[in-house]
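One letter stands for each residue in the lines below.
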Amino acid sequence: GSVTSSSSPFCQALQSNLKYCLLPRRLIISKRLAQCLHPALPSGVHLKALETYEIIFKIIGTKWLSRDLFLYSSGLFPLLSHAAMSVKPLLLGLYETYFLPLQRSLLPSLQAFITGLLPGLEEGSEIYDRTDMLLQKLSMVIGQEVFYSSLWGSVLVNSSIRLPASLFVVSHINRDVSANAQSSMLGKDKQLAV
């Protein structure tokens, strides 16, 4: 059966073993979950997969999530760009609850995380404000200079997020403060931003 079926032995086994912090066969499980988030699959499958991710994150906690972030992020980070509107709030909830507390442990995945979040800044979208707030919080826990360096790096390699990235930067420029005081918005490599 599907790994995401609500009555599957897999989910039942996970939920009945929340006291254990180690997840066996992490690589296989993360690969199967990422497959369940494929754009061609219906939103119901995506929702069940996200529920399974949440059970796993509750089990493993911050320490193990930060260690195995690359396993879980490969499926999650691309999702926001193609997910149905019913799926997006649940995904943002996972990011708010489990990813933001990782703070600087996010650094190795920061550019991919930002690239995955920026599609939520579609003007008029129901999740625009929530995505914007999540990006702002991320910039605070990581540090603005590091955050914006990753943002400009994302813009360089991914043309599809250039518009939302530009909107984010422009909307957070403080016109009452000098440009020098906001130089962190250019990141560490000023030439990259230019």
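Residues numbered from 1 in each chain as written. Predicted model: local features only at pLDDT ≥ 70, side-chain atom pairs only at ≥ 80, totals over all residues. Heavy atoms only, no water.

(A) Region of the structure containing the confidence of the model for the chain. With 86% of its residues at a pLDDT of 70 or more, the chain has an overall mean of 86. Note on residues 1-7: pLDDT is under 50 here. Beyond four places in sequence and across chains, it has 17 contacts. (pLDDT = per-residue confidence, 0-100. Contact = heavy atoms within 4.5 Å.)

(B) Molecular detail of unusual backbone geometry. Within the chain, Gln103 stands out as a residue other than glycine whose phi angle is a positive 50 degrees. On the basis of relative accessible area, Gln103 is assigned to the partly exposed category, the value being 43%. (Buried < 20%, exposed > 50% of the residue type's maximum accessible area, 1.4 Å probe, protein only.)

(C) How the structure looks around the pattern of salt bridges. In the structure shown here, the tally under the stated rule is three salt bridges. When the shortest N-O distance is used, the salt bridge between Glu51 and Lys48 registers 3.6 Å. On the criterion of helical spacing, the pair formed by Glu51 and Lys48 is a turn pair, its members being three residues apart in helix 3 (residues 43-67). For Glu51, a relative accessible area of 38% translates into the label partly exposed. (Salt bridge = Lys/Arg side-chain N within 4 Å of Asp/Glu carboxyl O. Helix = DSSP H or I, 4+ residues; strand = E, 2+ residues; numbered from the N terminus.)

(D) Expanded view of the environment of Ser81. Relative to the assigned elements, Ser81 resides in the loop between helix 4 (69-76) and helix 5 (88-99). Here Ser81 falls in the exposed class, since its relative accessible area comes to 52%. Expressed as a C-alpha distance, the spacing of Ser81 and Leu117, which sit 36 residues apart in the sequence, is 8.2 Å. Here Pro78 takes part through its backbone oxygen, which lies 2.9 Å from a polar atom of the side chain of Ser81. (Polar contact = N/O pair within 3.5 Å; in protein donor to acceptor, adjacent residues only side chain to side chain.)

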